[in-house]
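The chain contents come next:
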Amino acid sequence: MRLSRFFLPSLRETPKEAEIASHRLMLRAGMMRQEASGIYAFLPLGLRVLQKICAIVREEQDRSGAIELLMPTIQSADLWRESGRYEAYGKEMLRIKDRHERDMLYGPTNEEMITAIFRSYVRSYKDLPLNLYHIQWKFRDEVRPRFGLMRGREFLMKDAYSFDVDFAGAKHAYNRMFVAYLRTFARMGLRSIPMVAESGPIGGNLSHEFIILADTGESEVFCHSDFLDFEVPGPDVDFGSVAGLQSIVDKWTSLYAATSEKHEAAAFAKLAVDKRVSARGIEVGHIFYFGTKYSEPMKALVAGPDGVERPVHMGSYGIGPSRLVAAIIEASHDEAGIKWPEAVAPFKAMILNLKQGASDTNAACEGLYAELGAKGVDTLYHDLDERPGSKFATADLIGIPWQILVGPRGLAEGKVEMKRRSDGLRELMSPADAVRRLCL
RNA sequence: CGGAGUGUGGCUCAGCCUGGUAGAGCACCUCGUUCGGGACGAGGGGGUCGCAGGUUCAAAUCCUGCCACUCCGACCA
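Below or above, wherever it landed, is the structure these notes cover.

Conventions we followed
- Residues numbered from 1 in each chain as written.
- Chains lettered and ligands numbered in written order.
- Predicted model: local features only at pLDDT ≥ 70, side-chain atom pairs only at ≥ 80, totals over all residues.
- Heavy atoms only, no water.
- Helix = DSSP H or I, 4+ residues; strand = E, 2+ residues; numbered from the N terminus.
- Rg over C-alpha atoms; globule rule 2.2 N^0.38 Å.
- Contact = heavy atoms within 4.5 Å.
- Areas by Shrake-Rupley, 256 points an atom, 1.4 Å probe, with all protein chains shown as cover.
- Lys, Arg positive; Asp, Glu negative; His and termini not counted.
- Charge placed at Lys NZ, Arg CZ, Asp CG, Glu CD.
- Core = buried A, V, L, I, M, F, W, Y, C linked by side-chain atoms within 4.5 Å.
- Buried < 20%, exposed > 50% of the residue type's maximum accessible area, 1.4 Å probe, protein only.
- Near = heavy atom within 4 Å.
- Polar contact = N/O pair within 3.5 Å; in protein donor to acceptor, adjacent residues only side chain to side chain.
- Pairing = 2+ DSSP bridges.
- Right-handed = clockwise from strand over helix to strand, strands pointing away.
- Axes fitted to C-alpha atoms, helices over the stretch in contact; angles between N-to-C directions.
- Salt bridge = Lys/Arg side-chain N within 4 Å of Asp/Glu carboxyl O.
- Parallel < 35°, antiparallel > 145°, perpendicular 65-115°, else oblique.
- Left-handed = near helix turned anticlockwise from the far one by under 90°.
- Nonpolar A, V, L, I, M, F, W, Y, C, P; charged D, E, K, R; others polar.

What about the overall build of chain A?
Along chain A, the regular secondary structure elements total 13 helices and 23 strands. Computed over the C-alpha atoms, the radius of gyration of chain A is 24 Å, within 12% of the 22 Å expected from 2.2 N^0.38 for a compact globule of 440 residues. For chain A, the spread of C-alpha atoms along the three principal axes comes to 80 × 60 × 40 Å. In chain A, 72% of the contacts between residues at least 6 apart in sequence involve partners at least 24 apart. Carbon together with sulfur atoms contributes 51% to the accessible area of chain A, which is approximately 19200 Å² in total. Between the mean site of the 57 positive side-chain charges and the mean site of the 59 negative ones, chain A shows a separation of 3 Å.

As for the environment of Leu411
When you line up the elements, Leu411 lands in helix H12 (residues 408–411). Between the C-alpha atom of Leu411 and that of Met429, which follows or precedes it by 18 residues, the distance is 10.0 Å. Dropping the residues within four chain positions of it, Leu411 is found in contact with Asp360, Thr361, Ala364, Val406 and Val416.

Some details on the nonpolar core
Met31, Ile53, Met188, Val325 and Trp340 are the most contacted members of the largest nonpolar core, which has 83 residues in total. Considering each element in turn, this core owes the most residues, 10 residues, to helix H6 (residues 167–187). Met71, Tyr86, Leu105 and Leu132 belong to the second largest nonpolar core, which has 26 residues in total.

Focus on the protein's contact with RNA strand B
Lining the immediate environment of RNA strand B, one finds 41 residues, of which Arg12, Arg151, Glu283, Glu417 and Arg426 sit closest. Within 4 Å of the protein, atoms of RNA strand B come from sugar and phosphate in 48% of cases. One of the backbone N or O atoms of Lys16 is found 2.9 Å from a phosphate oxygen in RNA strand B. Between RNA strand B and Lys91, the relevant distance is 3.4 Å, taken from a phosphate oxygen to a side-chain nitrogen or oxygen of the residue. If you list the elements that add at least two residues to the surface near RNA strand B, you get strand E1 (32–36), strand E13 (276–291), helix H11 (388–398), H12 and strand E22 (416–420). Ranked by residues supplied to the surface near RNA strand B, first place goes to H11 with 7 residues.

Regarding the pairing of strand E20 (residues 379–382)
Side-chain alternation along E20 places Thr379 and Tyr381 on one buried face and Leu380 and His382 on a second face that is also buried. Inspection of the sheet shows strand E19 (residues 349–353) paired to E20 by 4 bridges, in the parallel sense. Paired with Leu352 across the bridge in E20 is His382. The parallel pair E19 and E20, bridged by helix H10 (residues 359–374), forms a crossover whose chirality is right-handed.

Overview of the sheet that holds strand E23 (residues 426–429)
Pairing is mixed across the open sheet formed by 5 strands, whose spatial order is E20-E19-E21-E22-E23. Of all the strands in the sheet, just E20 and E23 have a single pairing partner and so form its edges. The sheet shows a mean angle of 20° between the axes of neighbouring strands, taken without regard to direction. With 4 bridges joining them, strand E21 (residues 402–406) and E22 adopt antiparallel strand pairing. Paired with Ile404 across the strands is Met418, a residue of E22.

With respect to the pairing of strand E6 (residues 103–106)
With 3 bridges joining them, strand E4 (residues 74–76) and E6 adopt antiparallel strand pairing. Within E6, the residue paired with Gln75 across the bridge is Leu105. Between strand E5 (residues 94–97) and the antiparallel strand that follows it, E6, lie 5 residues; Glu101 among them carries a positive phi value of about 65°.

Notes on the pattern of salt bridges
All told, the structure shown has 30 salt bridges when counted by the stated rule. One salt bridge connects Lys275 with Asp226, and the closest N-O pair in it is separated by 2.9 Å. Taken together, the residues span a long stretch of sequence, with Lys275 in the loop between helix H8 (265–269) and E13 and Asp226 in the loop between strand E11 (219–224) and helix H7 (242–252) at a distance of 49 residues. One continuous salt-bridge network, built from bridges that share partners, spans Glu59, Glu60, Arg63, Arg183 and Arg187.

Points about the environment of Tyr181
You can see Tyr181 is positioned in helix H6. With relative accessibility at 0%, the residue Tyr181 sits in the buried group. Separated by 238 residues in the primary sequence, Tyr181 and Lys419 have C-alpha atoms spaced 32 Å apart. Other than its neighbours up to four places away in sequence, Tyr181 contacts Gln61, Lys158, Phe210, Gly285, His286, Ile287, Tyr317, Gly318 and Ile319.

Quick notes on the sheet that holds E5
Spatial strand order, E4-E6-E5: 3 strands in an open sheet with antiparallel pairing. Strand pairing shows two members of the sheet lacking a second neighbour, E4 and E5, which therefore form its edges. With strand direction ignored, the average angle separating the axes of adjacent strands in the sheet is 40°. Sheet topology note: the E5/E6 ladder contains 4 bridges and is antiparallel. Each residue of the ladder has a partner; that of Lys97, found in E6, is Asp103.

Quick notes on the packing of H10 against helix H13 (residues 431–439)
Put simply, H10 and H13 touch, their axes get as near as 10 Å, and they point 30° apart. Between H10 and H13, the crossing angle belongs to the class labelled roughly parallel. Here the hand of the crossing between H10 and H13 comes out right-handed. The residues of H13 that touch H10, namely those facing Leu368, Glu371 and Leu372, are Pro431, Val435 and Leu438. Partitioned by chemical class, the residues of the contact of H10 with H13 number 5 nonpolar, no polar and 1 charged.

None of this, on its own, says anything about what the molecule does.
This is how it looks when you write it as structure tokens:
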């Protein structure tokens, strides 16, 4: 992509409403724009990151055996009256009426709808286990939206719902999501820690929050420091193995880890002093087992091998991709801007023509751009007539992992300079070597 | 929902107290000189000062109401 053809409305100054780093940087980098309190438009650069995140989420959901569908954002109130949550949910639910004065709502979550879908098709234990998920916009009318995407009212959520014939099956479904989540966040360059959690309004009695540590996190968290070194399961993990998954989950739940709501100071105090981590955290995922909380009132029944119909055991599993955009920035930035992990970066590389218009730098940049394009390396070419300093600032701000600096100074020796955004490492090399490096 | 604030060109803000022809920096357009860490000079365009009332000869400025947004707290993916 040539910057001259792209839409990147970056800001030199920080809009005054932005307090935390991710909010500030997303606005400055031209990734998003606030449309109303807690409601944002994703601009092209932000959308690219969001899509990369969704792609990873999707791959790991699919790998674990979950199946994607897509439910609407607008739901009928009747469904929620069945579960009793239409009244219970309170003012956080955005209630609307259609032209016939029917009560509708903008979905804050989808337990009711997925249960209705399930019950209308599935009758037998033979169709289980089943895990259906979608990635869809949600709306929760927060009392106080803040921190940009971190706590918006409208947000993108991946929500999965598992259906099993009994608790043992549901536990395995829970474990599949547990492991999928560990992998999902790790692929985005995040170290997530599963913490015992309140199950909240979703209901149920088995629940973990996946927390990443960041100074600007909203909640106070406590955990054992060994979590920071645990190995995340590889892509070859066998999601069909009940015992295998259970041992992974056992390991990841063996040490102390809790958010402030579930914190037990006495238990935490038993850890060796140098193993105690007390920090701020951002919740990026939350999984629940809630048994028959919805299947019973909504009559989602399946027949077992004995022919007897029983309410299906359910769980729900959420990840907030739009929040993850912000969370990743919180975990990875410096004074100059964002430092995207490669897996979610909007572009892998960025070419900076330090003397736009000069025939030698132009030719070298065009050559690199064509070559990288041919090799499938997603590249942003800064081809605007700006001074080098301005290009450096923009490149650091938007955080593309690799910057290729093409200027007369290096070109005199036939070299370009490769700069790694994560640590600032710079290296002179031939354009051909630069391409090779990016194709590794 | 309690408390505290803010709304003035695209962005950051001054002007308001003490009413009298709407400003600066950045950004934008033109020309020139520049060009390895957000250049310089000259010229230029752009704002019914959040909205509605009121007071006044005169309102960005004073008064009333409303709206929007932000921050702190309680609450939450």
